[in-house]
Amino acid sequence: MKLFISVLVFSITFQTVAQEPTTTQTEIEVSPFVDGTLLEPKDASKNILAIIIGDYGPTDRNGNQNFQKNNNLKKIAFSLAENGITSFRYDKRIVKQILKGRVNARLTFDDYVKDAKDVVNYFVKKENYNAIYIIGHGQGSLIGMLAANEHITGLVSLGGSAKSIDQVILEQIEQTAPRLKPDAERVFNVLRTGKTTTEFPQELSNIFSLDTQDFIADWMQYNPIEIMETLNIPVLIINGTKDLQVSPEEANQLYEAAKVGTLKTITNMNHVLFIIEGGNLENSKSYGESFRPLAPELILALTAFIK
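Residues numbered from 1 in each chain as written. Predicted model: local features only at pLDDT ≥ 70, side-chain atom pairs only at ≥ 80, totals over all residues. Heavy atoms only, no water.

Enquirer: Please provide a residue-by-residue account of the overall build of the protein, values included.
Expert: Helix and strand counts for the protein come out as eleven helices and nine strands. Over its C-alpha trace the protein gives a radius of gyration of 19 Å, about what one expects of a compact globule, namely 19 Å for 307 residues. Its C-alpha atoms give the protein principal-axis dimensions of about 65 × 50 × 40 Å. Taking as baseline every contact in the protein between residues at least 6 positions apart, the subset at least 24 positions apart corresponds to 66%. A total of about 14700 Å² of accessible surface is found on the protein, and carbon and sulfur atoms cover 52% of it. (Helix = DSSP H or I, 4+ residues; strand = E, 2+ residues; numbered from the N terminus. Rg over C-alpha atoms; globule rule 2.2 N^0.38 Å. Contact = heavy atoms within 4.5 Å. Areas by Shrake-Rupley, 256 points an atom, 1.4 Å probe, with all protein chains shown as cover.)

Written out as structure tokens, the structure reads:
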């Protein structure tokens with residue numbers, strides 16, 4: 001099947017009064033499922049591209065969801081541009097479906113992997129770049145690992161889990177409602193057989209609705225540590241000490257699994273890549289606080305690795 005590719009003839013140049021433009025944005029439709037933004041610095045002589053892949057859920061190209069506006073992926077893109085690095089960031093396909101009012105209830109994790117592979121192949125075929133990197137945030141870390149091929153120069157895992165999604169969910173249930181863990185384990189066992197089920201307590205319906213079971217079943221087949229062990233490219237694993245979703249221990253496990261790995265732990269950085277001086281309340285609120293800057297150490301680590 002031929003991949004449908006079209007480029008929207010639309011370009012936006014950002015500039016300040018009486019100054020030369022510093023970046024150019026081009027909106028690109030890679031496939032019927034993937035729309036994104038190519039951000040090019042004025043001096044793009046490095047010929048380096050970073051493909052940015054977002055976290056779990058209906059995450060758009062800027063890193064935002066309906067009730068979570070922090071622009072962290074957009075901030076990464078502009079920080080890279082300031083260092084002469086071009087980037088492409090894109091909406092998860094569910095975002096486009098929501099906007100068009102045609103959500104596919106049978107969406108799978110492998111659909112997201114295919115989208116990432118399509119993005120990689122699109123830019124490989126362009127032959128415009130001497131080096132292509134993938135930066136995957138959260139769920140995007142695993143998607144990036146699975147999309148990496150012989151044309152990818154390096155991979156960055158930002159707050160990527162070392163555990164399969166069933167492990168993550170079971171640990172969360174054990175911490176919050178341990179009596180429900182046996183029911184959850186039973187559901188996962190059913191999903192492993194390729195079937196779905198409605199036999200679970202109502203309290204678990206927000207996790208195991210019929211609309212999400214196929215997605216979870218597809219996702220849980222991938223163990224991030226096992227996938228990391230197969231990569232033959234340099235990998236930078238970045239994690240913050242105030243990440244409420246992924247522990248520094250998981251980052252260390254990914255680092256140990258990497259054949260050519262570098263580990264960067266950033267003090268007080270949380271999952272959405274901001275520095276948090278206070279406790280969990282400040283941490284949680286920051287997910288919707290777009291005024292916050294990215295952790296300075298994060299940008300230094302990214303640009304040092306990609307350059």
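Enquirer: A description of the packing of aromatic side chains should follow, citing residues and the corresponding values.
Expert: Scanning all chains against the criterion turns up 13 aromatic pairs. For the pair Phe88 and Tyr90, a centre-to-centre distance of 6.1 Å together with 20 degrees between the ring planes defines the contact as stacked. For the pair Phe88 and Tyr90, one class covers both residues: buried. Residues Tyr133 and Phe305 carry aromatic rings whose centres are separated by 5.8 Å and whose planes lie at 70 degrees to one another, so their mutual orientation is edge-to-face. Of this pair, Tyr133 sits in strand β6 (residues 131-137) while Phe305 sits in helix α11 (residues 296-306), and the two are 172 residues apart along the sequence. (Phe/Tyr/Trp six-rings, centres within 6.5 Å; stacked < 30°, edge-to-face > 60°. Buried < 20%, exposed > 50% of the residue type's maximum accessible area, 1.4 Å probe, protein only.)

Enquirer: Give a description of the environment of Arg61 that names residues and reports values.
Expert: If you trace the backbone, Arg61 turns up in the loop between β4 (48-53) and α1 (72-82). For Arg61, the side chain forms a polar contact with the side chain of Glu27, separated by 2.5 Å. (Polar contact = N/O pair within 3.5 Å; in protein donor to acceptor, adjacent residues only side chain to side chain.)

Enquirer: Give me the layout of surface pockets: which residues, what numbers.
Expert: One number sums up the size of the largest pocket: a volume of about 640 Å³. Along the wall of the largest pocket there are 23 residues; nearest its centre are Tyr56, Ile165, Val168, Gln172 and Trp219. Contributing elements (two or more residues each) for the lining of the largest pocket: α4 (139-147), α5 (165-176) and α7 (210-219). No other element matches the four residues that α5 contributes to the lining of the largest pocket. Considering only residue class, the lining of the largest pocket consists of ten nonpolar, ten polar and three charged. Empty space within the second largest pocket amounts to approximately 330 Å³. It is α7 that provides the largest number of residues to the lining of the second largest pocket, a total of four residues. A class-by-class count of the residues in the lining of the second largest pocket yields nine nonpolar, four polar and two charged. (1 Å grid on protein atoms, 1.4 Å probe; cavity = no way out; pocket = protein on both sides within 12 Å on 5 of 7 lines; lining within 4 Å. Points joined across faces, edges and corners; volume = space filled by probe spheres on them. Nonpolar A, V, L, I, M, F, W, Y, C, P; charged D, E, K, R; others polar.)

Enquirer: If you had to explain the pattern of salt bridges to someone new, which residues and values would you point to?
Expert: Applying the stated criterion across every chain, the model contains 15 salt bridges. Two residues, Arg93 and Asp115, come together in a salt bridge whose shortest N-O distance is 2.8 Å. Here Arg93, found in helix α2 (residues 93-100), pairs with Asp115, found in helix α3 (residues 109-126); they are 22 residues apart in sequence, far enough to count as distant. The buried category is assigned to Arg93, whose relative accessible area is 6%. Several salt bridges share partner residues, and in doing so they unite Glu27, Arg61 and Asp91 into one network. (Salt bridge = Lys/Arg side-chain N within 4 Å of Asp/Glu carboxyl O.)

Enquirer: Please set out α1 residue by residue, giving values where relevant.
Expert: Of all eleven residues in α1, eight are buried, a share of seventy percent or more. Three or more residues of α1 are buried, namely Asn72, Leu73, Lys75, Ile76, Ala77, Ser79, Leu80 and Ala81. Gly84, located one to two residues past α1, shows a positive phi value of around 80 degrees.

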